[in-house]
Structure formats: structure tokens, C-alpha cells
Amino acid sequence: MTLDNETAVLRARVATLEALLAEHERAAGERVQRMEQLVADLSARAQVFEATLRSIVDGVVVCDTSGRITHVNRAAALIMGWTGADVAPAEDWENKYGIFCADGVTPYPRENIPLYRATRGEAVDSVEMIVRSPHKPEGILIETTARTIRDERGERIGAVVVFRDITERKRHEREMAQQLVAEREKNETLERLRTAVHELSTPILEVWDGVLALPLIGVVDSKRSAQVMETLLESVVRMKGRYVILDVTGVDVLDTATADHLLKIVRAVELLGTRCVLSGVRPSVAQTLVELGVSFGKLVTLRNLKHGLKACMRWKEGDAASARGTG
């Protein structure tokens, strides 16, 4: 081979090497661009991730599979009172911060701490616990949810814990529950008082065998008259009353409406076969009734309870004599 031929071959080889080198440099440049783009994308994603953590109002703590904390958002630091140097590794949480059950006394079982469970692949929802830290020795009540972080292949790569301070909410719920209990007890007490007042305001007295007396005190309105009628009718049946004395000595106002209520009571009692007498109408009340033109019809009215009792005794003796004569 001549020198010229060897020179041509070498030049061809050099041209081939230069072409290969250029292709390698081009490919390397493309790889560098892709790496730079990947780094830029990762940086953008990291910024989005950090911004997302900052915007979340609940506390968020991220750790790797060993329990080493990698991310703590601002809300978590504020809730726990953490500073950069205060954040303990996950395996030291129960020692540094003191984790207790919701009663604040029972230590939380180490194996059940939500973060540990999440790193083992378990899902944790709405677990309540008390956490005490050097900054908050009185403790805070938090509600915690935890999940395992997995890669695209499903392999565990860490865990995330989300929690919120529910101390005030629970305190408010307890106060509301106590208020409801107190309100219920108050209502029950008022009901017992109403029942007692009703019983005291409508005393049915058996003043003689078969003779009942009902002293009325205060105002006799439609509601009161309905209560009196119900109580009186029940007592007449239960006590086998044959005669009833309605004593109105303690009634301050005896007008047309009151008289109408009393007459309704009398008619209801008489339907049971019981005779009624009205006693205790005071002179001033009698004058008012006359001025209003109020009439009690055939209802017997007497001066006081004593006269009413005498009238009932005469009726009783007359009824007994009639029964003997009939017999």
C-alpha cells in the first residue's frame, strides 16, 4: 500500500472518529439538558410540596421508613410548640413529648402510636391522644390520622401523619354536655315543683265520710279550672265522694269568667251523681258579682266552709232516711 493510500485510510478513520465524537457530544448534551430539566422539575415539585405543606391548616409530619422525620409543616410546629431543634425523631416521640391516651393518664402503647403503625403499612383514622411537650406540659388533645407513603412499585418509603388540636373543641363539647345535663336537671326540678304546686293548689280534703272539700286559692282561669276539674273528678271516683264543697274564700277575683269556670266544674261533678255546694263568697266579691249580673243558677252558695259542711251533713242524713224509707 502506498503512502497516499495509507494517508487516505487514516483520514477516513479520523473523520469517522470525529463524527462519533460529535454524536457522543450531542447525546451527552441532550442528557445534560434532560438532567437539568429533571432537576428543574424536581425543584418545582419540591417547591409545590413545601408550599402545600405550609398552606395546610392541620399539622403534617412526614418521615421515612426508619421513623426519621423529613418534613414538618408550620401548623404542626405551632400546634406542638416546636422549633427546629425541638423536633425529635419518631422513635423518641413518646419519651420526649409524653404521649397518653385521651384520659391524659394512661401512657399510649408504643406499638399503637399512629406514626409507627403507618410506617408498618397500617392505616390510622381519627385517633385521639394527649401529647405533652416541654413547651406545653399541660398537654394538648390531638386527633390523628396516618397513612403509609408508597412509591410507584408499592414499596413503603415512609409515612405521613396529619393531626389537629381539638383541645378547645372537646372542652366546648364537655361544657355543652354539662349545660344540657344541668338544663335537664333544672327542667326536672321545675316539673317536680309544678307538680307540687299543682297538688298544693288543688288539695282535695275528705272532711267527712263521703264529703270532700276543695279550697280554691288564687286565680281560677281556664287552665287552672281544667286541672281542678280533672283532679276533683278523679278524687270523687277514688274516694267515693257523694258531696263536694267548693270553698272560694281564697279566690281574690270572682268575675263572670271565674263563675263560668266554677259552674263547669260543678256540672262535671254532678254528672257523677255528686252534689256540690259553693262556700266562702266574701261580701265584696258578692257585691261585684251582683254588679256584673253573674248568677250561679241553682248552685247552693253558703257563707263559709263550716256552713257548707253542715249542709252536706243534712243532705247526707236526708239521703240516708230516704234510703231507709225506701227499704
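It should be emphasised that the depicted structure is a prediction, and the values quoted were computed from it without experimental measurement.

The rules behind these values
- Residues numbered from 1 in each chain as written.
- Predicted model: local features only at pLDDT ≥ 70, side-chain atom pairs only at ≥ 80, totals over all residues.
- Heavy atoms only, no water.
- Helix = DSSP H or I, 4+ residues; strand = E, 2+ residues; numbered from the N terminus.
- Buried < 20%, exposed > 50% of the residue type's maximum accessible area, 1.4 Å probe, protein only.
- Pairing = 2+ DSSP bridges.
- Axes fitted to C-alpha atoms, helices over the stretch in contact; angles between N-to-C directions.
- Contact = heavy atoms within 4.5 Å.
- Phe/Tyr/Trp six-rings, centres within 6.5 Å; stacked < 30°, edge-to-face > 60°.
- Lys NZ or Arg CZ within 6 Å of the ring centre and 35° of its normal.
- Core = buried A, V, L, I, M, F, W, Y, C linked by side-chain atoms within 4.5 Å.
- Parallel < 35°, antiparallel > 145°, perpendicular 65-115°, else oblique.
- Left-handed = near helix turned anticlockwise from the far one by under 90°.
- Nonpolar A, V, L, I, M, F, W, Y, C, P; charged D, E, K, R; others polar.
- Expected span 1.5 Å × (residues − 1).
- Polar contact = N/O pair within 3.5 Å; in protein donor to acceptor, adjacent residues only side chain to side chain.
- Right-handed = clockwise from strand over helix to strand, strands pointing away.
- Disulfide = S-S within 2.5 Å.
- Salt bridge = Lys/Arg side-chain N within 4 Å of Asp/Glu carboxyl O.

J.: For this particular structure, what's the right way to read unusual backbone geometry?
T.: Working note: non-glycine residues mostly have negative phi, and peptide bonds are mostly trans. A positive phi angle, close to 50 degrees, is found at Ser126, a residue other than glycine. Here Lys240, not a glycine, exhibits a phi torsion of approximately 55 degrees, which is positive. Following the sequence through the fold, Lys240 ends up in the loop between helix 6 (222-239) and strand 9 (243-250). Classification of Lys240 by relative accessible area gives exposed; the value is 65%.

J.: Where do I start with the sheet that holds strand 7 (residues 205-208) in this structure?
T.: Pairing between the strands of a sheet is mediated by backbone hydrogen bonds and can be parallel or antiparallel. Reading across from one edge, 7-8-9-10-11 is the order of the five strands in this open sheet, with mixed pairing throughout. Edge positions in the sheet fall to strand 7 and strand 11 (300-302), since each of these pairs with one other strand and no more. On average, each strand axis in the sheet is tilted by 30 degrees relative to the strand beside it, whichever way the strands run. The pairing of strand 7 with strand 8 (residues 211-217) spans three bridges and is antiparallel. By the bridge assignment, Trp208 is partnered in strand 8 with Val211. Sitting on the sheet, helix 6 touches strand 7, strand 8 and strand 9, and the angle it makes with strand 8 is about 165 degrees.

J.: Which parts of the structure should I look at to understand the sheet that holds strand 1 (residues 59-63)?
T.: Spatially, 2-1-6-5-4-3 is the arrangement adopted by the six strands of the open sheet, whose pairing is antiparallel. Strand pairing shows two members of the sheet lacking a second neighbour, strand 2 (69-72) and strand 3 (99-100), which therefore form its edges. As paired strands, strand 4 (residues 124-131) and strand 5 (residues 140-150) are joined by six bridges and run antiparallel to one another. Considered in strand 5, the bridge of Glu128 is made with Glu143.

J.: What's the story with the packing of aromatic side chains in this structure? I'm lost.
T.: The relative placement of two aromatic rings is captured by the distance of their centres and the angle of their planes. On inspection of all chains with the given rule, the structure shows one aromatic pair. Centroid distance Tyr243 to Trp315: 6.5 Å. Interplanar angle 35 degrees. Geometry classified as tilted. In this pair, Tyr243 is assigned in strand 9 and Trp315 in helix 9 (residues 305-326), connecting sequence segments 72 residues apart. Residue classification places Trp315 among the buried residues on the basis of a relative accessible area of 16%. Above the ring of Phe100, the side-chain terminus of Arg132 is found at 4.6 Å from the ring centroid. Over the ring of Trp315 we find Arg275, and its NZ or CZ is 4.0 Å from the ring centre.

J.: I tried to follow the nonpolar core on my own but got confused; where do I start?
T.: One recurring pattern in soluble globular proteins: nonpolar side chains tend to sit buried together. Residues Leu216, Leu232, Val244, Leu246, Leu254 and Phe296 are the most contacted members of the largest nonpolar core, which totals 25 residues. For this core, the secondary-structure elements that each account for two or more residues are strand 8, helix 6, strand 9, helix 7 (256-270), strand 10 (275-279) and helix 8 (283-292). The element contributing the most residues to this core is helix 7, with six residues. Discounting residues that sit within four places of it in the chain, Leu216 has contacts with Arg224, Val228, Asp247, Val248, Gly250, Val251 and Leu262. Grouped together as the second largest cluster of nonpolar side chains are 23 residues, Met80, Tyr116, Val127 and Ile140 included.

J.: Even after reading the chapter, I still don't get the packing of helix 6 against helix 7, so can you show me in this structure?
T.: Contact geometry for helix 6 and helix 7: axes closest at 10 Å, N-to-C directions at 20 degrees. One finds that helix 6 runs roughly parallel with respect to helix 7. As for how helix 6 packs across helix 7, the hand of that crossing is right-handed. Contacts from Ser222, Ser225, Val228, Met229, Leu232, Leu233 and Val236 of helix 6 reach helix 7 at His261, Lys264, Ile265, Ala268 and Val269. Among the residues forming the contact of helix 6 with helix 7, the class breakdown is eight nonpolar, three polar and one charged.

J.: Would you take a moment to explain helix 7 for this structure?
T.: Note on helix geometry: an α-helix contains 3.6 residues per turn, so any two residues three or four positions apart are oriented the same way. Over its 15 residues, helix 7 extends 21 Å from the first C-alpha to the last, a length consistent with the 21 Å expected when each residue adds 1.5 Å. Regarding helix 7, the residues found buried are Thr258, Ala259, His261, Leu262, Leu263, Ile265, Val266, Ala268 and Val269. Along its buried surface, helix 7 packs onto strand 8, helix 6, strand 9 and strand 10.

J.: Just checking my understanding: could you explain the side chain of Arg224 for this structure?
T.: Secondary-structure assignment places Arg224 in helix 6. Within the structure, the side chain of Arg224 is placed 2.9 Å from the backbone oxygen of Ile217, a separation counted as a polar contact.

J.: Would you mind showing me how to read the pairing of strand 10 here?
T.: Note on strand geometry: in a regular strand, side chains alternate between the two faces of the sheet. Within strand 10, four of the five residues are buried, which leaves it mostly tucked inside the rest of the structure. Regarding topology, helix 7 serves as the crossover connection from strand 9 to the parallel strand 10, and that connection is right-handed.

J.: Got a minute to help me understand the state of the cysteines in this structure?
T.: What is meant by a disulfide is a covalent connection between two cysteines, made through their sulfur atoms. Applying the stated criterion across every chain yields a total of zero disulfides. For Cys276, which is in no disulfide, the shortest distance to another cysteine sulfur is to Cys312 and amounts to 8.6 Å.

J.: Mind showing me how you'd approach the pattern of salt bridges here?
T.: Charged atoms that come close allow side chains of opposite charge to pair. One pass over the structure, following the stated rule, counts 17 salt bridges. Note that Lys170 is salt-bridged to Glu128, the shortest N-O span being 3.2 Å. Here Glu128 lies in strand 4 and Lys170 lies in helix 5 (residues 167-201), a separation of 42 residues in the sequence. A relative accessible area of 19% places Lys170 in the buried class. A relative accessible area of 26% places Glu128 in the partly exposed class. We note a salt bridge from Lys316 to Asp209, for which the minimum N-O separation is 3.8 Å. Placement of the pair is Lys316 in helix 9 and Asp209 in the loop between strand 7 and strand 8, with a sequence separation of 107 residues. With a relative accessible area of 25%, Lys316 lands in the partly exposed category.

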